[in-house]
Amino acid sequence: MKKIFFIIFSFIFLLEGVEKQESNNKIKIIIKKKEDKSHLTKPINIIFMLPLFFSSKKINQENKELSDHALSFYFGSKTAIDFILNKKKKQKINIKIFDTENEKKRVDNFIDSYDFSKIHAIIGPFFRSSLEKIAKNNNKIPIISPFISSDHLNFYPNIVQAEAKDIYLIEPILEEIKIIHQKEKIKTLYLLGEDPYKKITNLIKKKLLQWNPHFQVFYFKNNSFNVINDMPFFAIFLGGNPFLGKKFIEFIKKFSKKKIIPFGIGYNSVYYENISLLREYKFLFTTKYHFNKNDQNKREMFFFIRNKLGSHLNKYQLFGFDLSYDILCRLIENNNLFKIIDKKPFSGLISKYRYEKIYDKGGYLNRGLWVIRLH
């Protein structure tokens, strides 16, 4: 009986798309071929709003530098588009470039006059006031902020802040310290380096004192790294200052593995110049940007960019490539970016994107970062 049921069910399933015609008590079965739509792809329409200053005959040094950064960013973005189209031959990506010239009135006029009804995403502008203006006027279009991450932007549900905040870099390190503290009862920490707004320092103190009210935290902002007692301690190096980075390495060398447990926040070239030393300490650092040359996919991206833009790549070209590649890949999967942006992480050439909705009526923040342990 089970076999008979399976055969009947299979037959019904196979007859989907079959049209039955009755004529003179005879049944004629016409099998309708399904239309092959695999060749059809939905075009992606995006706008880049960048301070290029193309129509300005004379610009000051500050705007010249801004223009160079914006142009590099766009070249990286265009390379990402070429990279995607090289893999997806039938995909269509339509782009419009609007030169903001860093002028509020110019941006306002564009926003008021342009038809955004078919636009899937806007990348830019670079500055907060312009981002807020376009977000207010076009609240159903994703507005991607390439470089500005600000609490002021949190309230706009359609703004996607692509630049991860520096303060997120401390979170994996605090988790590591918490585990070691619970196991070994170490309750002294030295912060070394630059923290101009003391945001990271204040967060660390707050968290550590929650775990243990007797936790001692000492902060040194220059190269006078002096240990006050002989107890084992944690040491966290802040920032990418190369001079202080070398002083931090000298500081580590003074202590045995049982005495110091070092960490780093942000990329610093001294880490890779002293890998053999730092491996002994199982050194862990967090960074927003990292290139894994052993990853085949990353190597493919890198050689593609280098062939397009030359061997002397700058960070704005790489940011432009990564951000545009991420956003476009998501839009190809689903034209409605809001339905997919926080569903899965994305790893570009040097950047990571792991978006989270700030709160129900707020926008999106990138919390993607690299956690690297040398061992």
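All figures in this text were calculated on a predicted structure; none of them were measured in a lab.

**A look at the overall build of the protein chain**
Consideration 1: In terms of helices and strands, the protein chain carries 11 helices and 17 strands.
Consideration 2: Expressed as a percentage of the 375 residues in the protein chain, the buried residues total 45%.
Consideration 3: Across the protein chain, contacts joining residues at least 24 apart in sequence account for 64% of those joining residues at least 6 apart.
Consideration 4: With an accessible surface of roughly 21900 Å², the protein chain has 52% of that area assigned to carbon and sulfur atoms.

**A look at the sheet that holds strand 17 (residues 370-373)**
Hydrogen bonds along the backbone pair up the strands of a sheet, which may run parallel or antiparallel.
Consideration 1: Judged by pairing direction, the sheet is mixed, and its 6 strands sit side by side in the order 9-8-10-11-12-17 without closing on themselves. Single-partner strands in this sheet number two, and they are strand 9 (216-220) and strand 17. Geometrically, the sheet is characterised by an average inter-axis angle of 20° between neighbouring strands, direction not taken into account.
Consideration 2: Both strand 11 (residues 260-265) and strand 12 (residues 284-287) contribute to a ladder of 3 bridges, which runs parallel. Across the sheet, the residue bridging to Ile265 is Thr286, located in strand 12.

**Brief notes about the nonpolar core**
Consideration 1: Counting residues in each nonpolar core, the largest one holds 41 residues, and the members touching the most others are Leu50, Ile144, Leu323 and Tyr325.
Consideration 2: When contributions to this core are tallied by element, the ones reaching two or more residues are strand 3 (44-50), helix 2 (61-87), strand 5 (121-123), helix 10 (296-309) and helix 11 (315-333).

**Digging into unusual backbone geometry**
Consideration 1: Note that the residue after Gly124, namely Pro125, is joined by a cis bond; omega there is -5°.
Consideration 2: Its place among the elements puts Pro125 in the loop between strand 5 and helix 4 (128-137).
Consideration 3: At Phe53, a position not held by glycine, the phi torsion is positive, near 60°.
Consideration 4: Along the chain, the position of Phe53 falls in the loop between strand 3 and helix 2.

**Remarks on the sheet that holds strand 6 (residues 143-145)**
Consideration 1: Taken together, 7 strands build an open sheet; the order of strands is 4-3-5-6-7-16-15 and the sheet is mixed. Looking at strand neighbours, the two that pair on one side only are strand 4 (93-99) and strand 15 (355-357), the edges of this open sheet. Neighbour-to-neighbour, the strand axes of the sheet open up by a mean angle of 25°, direction not taken into account.
Consideration 2: Those strands touched by helix 4 are strand 3, strand 5, strand 6 and strand 7 (159-161), and its axis lies near 165° from that of strand 6.

**Quick notes on the environment of Lys198**
Consideration 1: Along the chain, Lys198 falls in the loop between strand 8 (188-193) and helix 6 (199-211).
Consideration 2: Residues Lys198 and Tyr219, spaced 21 residues apart in sequence, show a C-alpha to C-alpha distance of 9.9 Å.

**Describing the packing of aromatic side chains**
Consideration 1: Applying the stated rule across the entire model yields 37 aromatic pairs.
Consideration 2: For the ring pair Tyr190 and Phe220, a centre distance of 6.0 Å and an interplane angle of 10° mean the geometry is stacked. Remark: Phe220 occurs in strand 9 and Tyr190 occurs in strand 8; sequence separation between them is 30 residues. Note on accessibility: Tyr190 and Phe220 belong to one class, buried.
Consideration 3: One aromatic cluster is present, formed by Phe237, Phe248, Tyr267, Tyr271, Tyr272, Phe283 and Phe285 through successive ring pairs.

**Remarks on the side chain of Arg330**
Consideration 1: Mapped onto the elements, Arg330 comes out in helix 11.
Consideration 2: Judged by its relative accessible area of 4%, Arg330 falls in the buried class.
Consideration 3: One polar contact links the side chain of Arg330 to the main-chain carbonyl oxygen of Ile341, over a distance of 3.1 Å.
Consideration 4: Residues contacting Arg330, with those up to four places away along its chain left out, are Leu337, Ile340, Ile341, Lys344, Pro345, Phe346, Tyr353 and Tyr355.

**Description of the packing of helix 10 against helix 11**
Consideration 1: Packing of helix 10 against helix 11 leaves a shortest axis separation of 12 Å and a crossing angle of 125°. Here helix 10 lies oblique to helix 11, going by the angle between them. In this structure, helix 10 meets helix 11 at a crossing whose hand is right-handed. Two secondary-structure elements touch here, helix 10 through Met301, Ile305 and Leu309 and helix 11 through Gln317, Leu318, Phe321 and Tyr325.

**Notes on the packing of helix 2 against helix 10**
Consideration 1: Remark: helix 2 packs on helix 10, axes separated minimally by 10 Å, with the N-to-C direction vectors making an angle of 120°. Of the possible angle classes, the one that applies to helix 2 and helix 10 is oblique. Along this stretch, helix 2 crosses helix 10, giving a crossing that reads as right-handed. Residues Phe75, Gly76, Thr79, Asp82, Phe83, Asn86 and Lys87 of helix 2 form the contact with helix 10, whose participating residues are Glu300, Met301, Phe304, Ile305, Lys308 and Leu309.
Consideration 2: A breakdown of the residues in the contact of helix 2 with helix 10 according to their chemical character gives 6 nonpolar, 3 polar and 4 charged.

**Digging into the pairing of strand 11**
Consideration 1: Counting buried residues along strand 11, 6 of its 6 residues qualify, which places the element largely inside the surrounding structure.
Consideration 2: A two-sided burial pattern is seen for strand 11, the buried positions comprising Ile260, Pro262 and Gly264 on one face and Ile261, Phe263 and Ile265 on the other.
Consideration 3: Judged from the 6 bridges that link them, strand 10 (residues 233-238) and strand 11 form a sheet pairing that is parallel. Its bridge partner being in strand 11, Phe233 is matched across the sheet by Ile260.
Consideration 4: Read as a crossover between parallel neighbours, the route from strand 10 over helix 7 (residues 242-253) to strand 11 is right-handed.

What counts and how
- Residues numbered from 1 in each chain as written.
- Predicted model: local features only at pLDDT ≥ 70, side-chain atom pairs only at ≥ 80, totals over all residues.
- Heavy atoms only, no water.
- Helix = DSSP H or I, 4+ residues; strand = E, 2+ residues; numbered from the N terminus.
- Buried < 20%, exposed > 50% of the residue type's maximum accessible area, 1.4 Å probe, protein only.
- Contact = heavy atoms within 4.5 Å.
- Areas by Shrake-Rupley, 256 points an atom, 1.4 Å probe, with all protein chains shown as cover.
- Pairing = 2+ DSSP bridges.
- Axes fitted to C-alpha atoms, helices over the stretch in contact; angles between N-to-C directions.
- Core = buried A, V, L, I, M, F, W, Y, C linked by side-chain atoms within 4.5 Å.
- Phe/Tyr/Trp six-rings, centres within 6.5 Å; stacked < 30°, edge-to-face > 60°.
- Polar contact = N/O pair within 3.5 Å; in protein donor to acceptor, adjacent residues only side chain to side chain.
- Parallel < 35°, antiparallel > 145°, perpendicular 65-115°, else oblique.
- Left-handed = near helix turned anticlockwise from the far one by under 90°.
- Nonpolar A, V, L, I, M, F, W, Y, C, P; charged D, E, K, R; others polar.
- Right-handed = clockwise from strand over helix to strand, strands pointing away.

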